[in-house]
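Per-entry structural report
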Amino acid sequence: MAKVTRDDVARVAGTSTAVVSYVINNGPRPVAPATRERVLAAIKELGYRPDRVAQAMASRRTDLIGLVVPDARQPFFAEMAHAVERAAAERGKMVLVGNSDYLDEREVHYLRAFLGMRVSGLILISAGPSEHAATEIDAWDARVVLMHRRPEAIDDVAVVLDDMGGAQLATRHLLEHGHDYVACLGGMESTPKHGDPVTDHVEGWSRAMREAGKSVEGRLFQAPYNRYDTYRVALDLLRGPDRPTALFCATDDQAIGVLRAARELGIDVPGELAVAGFDDVKEAGLTDPPLTTVGSDREAMAKAAVDLVLDESLRIPGTRNGGVPGSKGRVRQFPSGLVIRRSCGCDPA
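Residues numbered from 1 in each chain as written. Predicted model: local features only at pLDDT ≥ 70, side-chain atom pairs only at ≥ 80, totals over all residues. Heavy atoms only, no water.

**Observations concerning unusual backbone geometry**
- Between Val269 and the following residue, Pro270, the backbone shows a cis peptide bond with an omega angle of 15 degrees.
- Here the residue pair Asp288 and Pro289 is connected by a cis peptide bond, since its omega of 0 degrees sits within 30 degrees of zero.
- Along the chain, Pro289 falls in the loop between β9 (274-276) and β10 (293-295).
- Residue Tyr102 is not a glycine yet carries a positive backbone phi of 65 degrees.
- By the secondary structure assignment, Tyr102 is in the loop between β2 (94-99) and α6 (104-116).
- The partly exposed category is assigned to Tyr102, whose relative accessible area is 33%.
- Positioned with a positive phi, Asp279 is a non-glycine residue whose angle comes to about 135 degrees. (Helix = DSSP H or I, 4+ residues; strand = E, 2+ residues; numbered from the N terminus. Buried < 20%, exposed > 50% of the residue type's maximum accessible area, 1.4 Å probe, protein only.)

**Here's the deal with the pattern of salt bridges**
- Per the counting criterion, the structure on display carries 19 salt bridges.
- Of the charged contacts in the structure, one is a salt bridge between Lys93 and Asp63, with a shortest N-O distance of 3.0 Å. Of the two residues, Lys93 is situated in the loop between α5 (75-90) and β2 and Asp63 in the loop between α4 (52-59) and β1 (64-69); the sequence distance between them amounts to 30 residues.
- Among the residues examined, Lys93 registers a relative accessible area of 18% and is labelled buried.
- Looking at Asp63, the relative accessible area reads 22%, which means it is partly exposed.
- For Glu283, the salt bridge goes to Arg227, with nearest N and O atoms at 2.9 Å. Remark: Arg227 occurs in helix α10 (residues 227-239) and Glu283 occurs in the loop between β9 and β10; sequence separation between them is 56 residues.
- A relative accessible area of 33% means that Glu283 is categorised as partly exposed.
- Judged by its relative accessible area of 15%, Arg227 falls in the buried class. (Salt bridge = Lys/Arg side-chain N within 4 Å of Asp/Glu carboxyl O.)

**As for the nonpolar core**
- Of all hydrophobic cores here, the largest spans 67 residues; its most connected members are Ile123, Met147, Val159, Phe248, Leu273 and Val275.
- Setting aside chain neighbours within four positions, we find Val275 in contact with Leu247, Cys249, Ala255, Val258, Leu259, Val269, Leu291, Thr292, Ser343 and Cys344. (Core = buried A, V, L, I, M, F, W, Y, C linked by side-chain atoms within 4.5 Å. Contact = heavy atoms within 4.5 Å.)

**A look at the packing of helix α1 (residues 6-13) against helix α3 (residues 33-46)**
- In the contact formed by α1 and α3, the axes pass within 9 Å of each other and the chain directions differ by 125 degrees. The angle between α1 and α3 places the two elements in the oblique class. As for how α1 packs across α3, the hand of that crossing is right-handed. Counting all contacts with α1, which are made through Asp8, Val9, Val12 and Ala13, the residues of α3 involved are Arg38, Val39, Ala42, Ile43, Glu45 and Leu46.
- When its residues are assigned to classes, the contact of α1 with α3 shows seven nonpolar, no polar and three charged. (Axes fitted to C-alpha atoms, helices over the stretch in contact; angles between N-to-C directions. Parallel < 35°, antiparallel > 145°, perpendicular 65-115°, else oblique. Left-handed = near helix turned anticlockwise from the far one by under 90°. Nonpolar A, V, L, I, M, F, W, Y, C, P; charged D, E, K, R; others polar.)

**Overview of the confidence of the model for the protein**
- Averaged over every residue, the pLDDT of the protein is 86; the share at 70 or more is 83%.
- Low pLDDT, under 50, characterises residues 315-329; the stretch is placed with 37 contacts to residues that sit more than four places away or in other chains. (pLDDT = per-residue confidence, 0-100.)

**As for the sheet that holds strand β3 (residues 121-125)**
- In space, the six strands of this open sheet follow the order β2-β1-β3-β4-β5-β11, with parallel pairing throughout. What marks the edges here is a single partner per strand, and that holds for β2 and β11 (331-334). Averaged over all neighbouring strand pairs, the angle between strand axes comes to 20 degrees, with direction disregarded.
- Two elements, strand β5 (residues 157-161) and β11, share four bridges in a ladder whose sense is parallel. Residue Ala158 lies in a different strand from β11, and its bridge partner there is Val331.
- Each of β1, β2, β3 and β4 (144-147) touches α5; the most contacted strand, β1, lies at about 170 degrees to it. (Pairing = 2+ DSSP bridges.)

Laid out in structure tokens, this is it:
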């Protein structure tokens, strides 16, 4: 049986091969709905399968988007990766995922691998892109969108959350419950000092405390981002003589570790210890008690990142990777909001 070609599809649909290409590739030119339906019907009737390898060789780009995350085992990054995958699928793209494990060399490894595959673009969720990563991206002149962290070493578009404002909301809410102060579980000493979400969470906590006339001295504690190591940190903190009555955690995964430690020590949450987190991972609604946290529209953020990677029309001429209309410079910021559950002391209906 002869192989079905694009010419065959065009002949059956009564269109040109260029129009068939526009339908298959979702552009670059628009196609009238009726014409699109005829092309899709012809593709189905003939059983046509595009030769993606040939397309990639001709265009020097594939239907792939590279996504690098610090650790897909952590719920926040897993949910963000899933949201990016869904958004990419709506644009006819597939996503390749690599875990950097918070290591510069692994981040560069995946950047080289994905760029070598001629991906359509890169979405980088990084603890802080290194100079080596920036050099690699510059060398390939790649389209890059940073998520979760503001640009510093890399002069590119970023899709971020109002991390500082969200942390302020959570801290103020805990203070409104009448606590003398709110302690904070931040990141580690190695956490970047600028542009990092956890750093911004700590700064938001600090601002809310100072606004309320509360001292932050001796009330910020270091903890890893994952629940397992934070659980051990929390055991020591909650066994201490100056145990706080309210605790803001920079991530939900940390807060989940705190809840486990409190249960093990027989500390009632929220009666003896109020807890709030940040990220609103799906598991936050299933903890005991359900976790008060700060949430965002991850689906909208993922769609924005994918659109910025793929759409030249959304990028402002004059910079290597362009700016974003309606944003401050090249950063597109999404709002954060308080998600009230029972761990803070509220009893939502």
